[in-house]
Amino acid sequence: NAGVTQTPKFRILKIGQSMTLQCAQDMNHNYMYWYRQDPGMGLKLIYYSVGAGITDKGEVPNGYNVSRSTTEDFPLRLELAAPSQTSVYFCASSYSTGNGNTIYFGEGSWLTVV
Amino acid sequence: EDQVTQSPEALRLQEGESSSLNCSYTVSGLRGLFWYRQDPGKGPEFLFTLYSAGEEKEKERLKATLTKKESFLHITAPKPEDSATYLCAVQADYQLIWGAGTKLIIKP
């Protein structure tokens, strides 16, 4: 029953530091996503991937990078952390992006940049 | 511009007091409208998908309905365990557009 697994759950970064949020799914989903969720705002798409080796930018990609070397893993890299990147990050996956295809979410990673 | 607006931002009800949450949307070419539930400190959990105006879906005390401009999530005789933030999202093309959510609190 693992589904989508994210690590770490919580992290505090200093301005200018870099880190990677890990994400893995065991549902053999082709599509994977990274979202950020800020208070009072809807989920914003950072990056997404339609399969191993293929990634694309979402609404808010600046300051982030991703890679997709396997179907299962989709890490999110934060370079030169800034206070504006303080947020909750959710990794998600789906079988496809066809009509009404359900997206499944991980438990979230809380990141604070100080 | 594609947009999703949820109202109210927060709703406090007594246990057993039925009500509705609203999700208004403007999108060209709706391919699906989703409702998710999010508990504090957790990721969103899928509830329903609606595809066309007039469609309804039910799950326990929840019923979702869809018109051409909005969706309602009706909660009948809610219990404290129904307390959560309810998120609405619409699918336009291949991406989802999310509302900010309605925080629902059910008092015993």
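Everything below is about the structure printed above this text.
Because the structure is predicted, anything quoted here is derived from the model rather than measured.

This paragraph deals with the sheet that holds strand S8 (residues 70–75) of chain B. Residues and elements named next belong to chain B. Read across the sheet, 5 strands follow the order S1-S3-S8-S7-S6 without closing on themselves; strand pairing throughout is antiparallel. The open sheet has two free edges, formed respectively by strand S1 (3–7) and strand S6 (56–59), since each of these has just one partner strand. Going from strand to strand, the sheet's axes swing by 15° on average, the running direction of each strand aside. Sheet analysis places strand S3 (residues 19–26) next to S8, joined by 6 bridges and oriented antiparallel. Looking across to S8, one finds that Leu21 is bridged to Leu73.

A word on unusual backbone geometry. The linkage connecting A:Thr7 with the following residue, A:Pro8, adopts the cis geometry, with an omega of -5°. Secondary-structure assignment places A:Pro8 in the loop between strand S1 (4–7) and strand S2 (10–13). Omega for the bond connecting B:Ser7 with B:Pro8 falls within 30 degrees of zero, at -10°, which places this linkage in the cis form. Summarising the element assignment, B:Pro8 is placed in the loop between S1 and strand S2 (10–14). A positive phi angle, near 60°, is found at A:Asn28, a position not held by glycine. Classification of A:Asn28 as exposed rests on a relative accessible area of 56%.

Rules used throughout
Residues numbered from 1 in each chain as written. Chains lettered and ligands numbered in written order. Predicted model: local features only at pLDDT ≥ 70, side-chain atom pairs only at ≥ 80, totals over all residues. Heavy atoms only, no water. Pairing = 2+ DSSP bridges. Helix = DSSP H or I, 4+ residues; strand = E, 2+ residues; numbered from the N terminus. Axes fitted to C-alpha atoms, helices over the stretch in contact; angles between N-to-C directions. Buried < 20%, exposed > 50% of the residue type's maximum accessible area, 1.4 Å probe, protein only.

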